[in-house]
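Report on the structure
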Amino acid sequence: MKDKTGLIIAFIGIAILAGVIGYQAKTEESAPVFIVIGLAVNIVGVIIHLKRNMKK
């Protein structure tokens, strides 16, 4: 595992989702846009990580 760029991006996505969950728990307001953004960042990070670390 030499390249960890995708892994770092996935962790950023997880942090966004955790922040959204905390925000929703405090304010009782929904933030569906940020959930979609967090999931998209997470999926992109996982895809980048898998593509760069697949053995050829």
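Preceding this section is the structure that the text describes.
Residues numbered from 1 in each chain as written. Predicted model: local features only at pLDDT ≥ 70, side-chain atom pairs only at ≥ 80, totals over all residues. Heavy atoms only, no water.

1. A few points about the overall build of the protein
Heads up, the condition is: Helix and strand assignments come from DSSP, with helices taken as H or I runs of at least 4 residues and strands as E runs of at least 2, each series counted from the N terminus. We compute the radius of gyration over the C-alpha atoms and compare it with the globule rule, which gives 2.2 Å times the number of residues raised to the power 0.38. Only protein chains enter the calculation, and the probe is 1.4 Å; a residue is then buried if its accessible area is under 20% of its type maximum, exposed if over 50%, and partly exposed in between. Two residues qualify as a contact provided that any one of their heavy atoms is within 4.5 Å of a heavy atom in the partner residue. Accessible areas in this description were obtained via Shrake-Rupley with a 1.4 Å probe; residue shielding takes into account the shown protein chains only.
For the protein, the count of helices and strands is 2 helices and 0 strands. What you see for the protein is a C-alpha radius of gyration of 14 Å, clearly larger than the 10 Å of a compact globule of 56 residues, by over 25%. The 56 residues of the protein split such that 18% are buried. Across the protein, contacts joining residues at least 24 apart in sequence account for 67% of those joining residues at least 6 apart. When the accessible area of the protein is evaluated, it comes to approximately 4,500 Å², of which 72% is carbon and sulfur surface.

2. Brief notes about the environment of Ile-12
Note that Ile-12 resides in helix α1 (residues 5–27). Sequence-wise, Ile-12 and Gly-38 are 26 residues apart; in three dimensions their C-alpha atoms are separated by 8.1 Å.

3. Thoughts on unusual backbone geometry
Of note, the phi angle at Glu-28 is positive, near 60°, even though the residue is not glycine. Along the chain, Glu-28 falls in the loop between α1 and α2 (32–53). The exposed category is assigned to Glu-28, whose relative accessible area is 75%.

4. As for a nonpolar patch on the surface
The cut-off we apply is this: Patch members must show over 30% relative accessible area and no salt bridge, and they are joined within 9 Å when carrying like charges or within 5 Å when they are nonpolar side chains of Val, Leu, Ile, Met, Phe, Trp or Tyr. In the sections that follow, a salt bridge refers to a side-chain nitrogen of Lys or Arg positioned within 4 Å of a carboxyl oxygen of Asp or Glu.
Among the surface-exposed residues, Ile-35, Leu-39, Ile-43 and Ile-47 lie close enough to one another that they form a single nonpolar patch of about 330 Å² accessible area. Tracing the chain through its elements places Leu-39 in helix α2. Here Leu-39 falls in the partly exposed class, since its relative accessible area comes to 42%.

From the geometry alone we can't say anything about function, so treat these as descriptive.
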